[in-house]
Amino acid sequence: MELSKRLRCVASYVQEGVSMADIGSDHAYLPCYLVERNQITHAVAGEVVKGPFESAQRTVRERGFSDKIEVRLANGLQAIHKEDNIHTVTIAGMGGPLIAQILESGEKHLTTVERIIAQPNIHARPIREWAVNKQWKIVNEAIMKEDGKIYEIVVLERGRATYDEDELQFGPYLMREKNDVFIEKWQREANAKRNILQALQKAQKTKDNERRSEKIKQELANIEGVIAK
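Thresholds applied
- Residues numbered from 1 in each chain as written.
- Predicted model: local features only at pLDDT ≥ 70, side-chain atom pairs only at ≥ 80, totals over all residues.
- Heavy atoms only, no water.
- Helix = DSSP H or I, 4+ residues; strand = E, 2+ residues; numbered from the N terminus.
- Buried < 20%, exposed > 50% of the residue type's maximum accessible area, 1.4 Å probe, protein only.
- Phe/Tyr/Trp six-rings, centres within 6.5 Å; stacked < 30°, edge-to-face > 60°.
- Lys NZ or Arg CZ within 6 Å of the ring centre and 35° of its normal.
- Polar contact = N/O pair within 3.5 Å; in protein donor to acceptor, adjacent residues only side chain to side chain.
- Contact = heavy atoms within 4.5 Å.
- Pairing = 2+ DSSP bridges.
- Axes fitted to C-alpha atoms, helices over the stretch in contact; angles between N-to-C directions.

1. A word on unusual backbone geometry
Then, in step 1: Here Gln135, not a glycine, exhibits a phi torsion of approximately 65°, which is positive.
Then, in step 2: Within the secondary structure, Gln135 sits in the loop between helix 5 (125–133) and strand 6 (136–146).
Then, in step 3: For Asp147, which is not glycine, the phi torsion reads 50° and is therefore positive.
Then, in step 4: Mapping Asp147 onto the fold places it in the loop between strand 6 and strand 7 (149–158).
Then, in step 5: Judged by relative accessible area, which is 74%, Asp147 ranks as exposed.

See below:
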């Protein structure tokens, strides 16, 4: 079956022969793709909303994968049961703060999990911060563009690691590779901050606006510094 470029990139980080849980699975396209390719042994597709849950059930049934993929209506990581022996968790297509919140609130369901593949639509930093605080380390990252939108992928495994401010913000692997999509993303961010600064300069001069301007100037300088390195 066909997957979007974004989900194919997520799938590329799922190791061969593992069990996986796809949280927020929507139509269950990702686990079906992986089962069809014999890349995983079995999967749980978790969905918290009834409509997408029913869509996932229908996809799994129509593909004939009901013996390999169990679709569950559950909130976040509550879809994972201890007896599932899940090795890999994928969480894709949400904001980074929400993904970090799901990981935090469902941490007790990660006892057998050795790899987390997170694909935030925006704001990956909270995922990296969660990883540091919970003794997970970043083992790979990717950034890609599809239909005009830019997505990041953060791959975590158990282990201790520390990252400086730039690595938390920009991603340790991404800022080292610094490919064209990375440059484009942060040039967009820099332009957005310049527009905000211009608006603040035209606005009424208050202490709050001055503090906000200084904060944005510092953020802009960080972006420009990383791009220029």
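2. A look at the packing of aromatic side chains
Then, in step 1: In total, this model carries four aromatic pairs according to the counting rule given.
Then, in step 2: Between the aromatic rings of Phe182 and Trp186, the centroid separation amounts to 6.5 Å while the plane-to-plane angle is 55°, which identifies the pairing as tilted. Pair noted here: Phe182 and Trp186 are both in helix 8 (residues 180–202), with a separation of four residues, about one helical turn. Note on accessibility: Phe182 and Trp186 belong to one class, buried.
Then, in step 3: Taken together, the ring pairs connect Phe170, Phe182 and Trp186 into an aromatic cluster.
Then, in step 4: Its guanidinium or amino end placed over the ring of Tyr151, Arg6 lies 5.6 Å from that ring's centre, counting from NZ or CZ.
Then, in step 5: Of note, Lys185 hangs over the ring of Trp186, and the distance from its end group to the ring centre comes to 5.0 Å.

3. Points about the side chain of Glu152
Then, in step 1: On the secondary structure map, Glu152 appears in strand 7.
Then, in step 2: A polar side-chain atom of Glu152 sits 2.8 Å from a polar atom in the side chain of Arg128.
Then, in step 3: Setting aside anything within four residues of it in sequence, one finds Glu152 in contact with Ala118, Gln119, Pro120, Ala124, Arg128, Ala142, Ile143, Leu174 and Lys185.

4. Section: the environment of Arg115
Then, in step 1: With respect to the element layout, Arg115 can be found in strand 5 (residues 115–120).
Then, in step 2: What makes Arg115 buried here is its relative accessible area of 11%.
Then, in step 3: A sequence separation of 28 residues divides Arg115 from His87, and the C-alpha atoms of the two residues are 6.5 Å apart.
Then, in step 4: From its side chain, Arg115 meets the backbone oxygen of Tyr13 in a polar contact 2.7 Å long.

5. Digging into the sheet that holds strand 5
Then, in step 1: Read from one edge of the open sheet, seven strands run 3-2-1-4-5-7-6, paired in mixed fashion. Each of the sheet's edge strands pairs with one partner strand only, and the pair in question is strand 3 (69–73) and strand 6. Each strand axis lies, on average, 15° off the axis of its neighbour in the sheet, ignoring direction.
Then, in step 2: Pairing analysis gives five bridges linking strand 2 (residues 40–47) to strand 3, with the strands arranged parallel. Considered in strand 3, the bridge of Gly46 is made with Arg72.
Then, in step 3: On top of the sheet, helix 4 (residues 96–105) reaches strand 1 (18–23), strand 4 (88–94) and strand 5; it is set at about 150° to strand 4, its chief contact.

No statement about biological role is implied by the geometric values presented.
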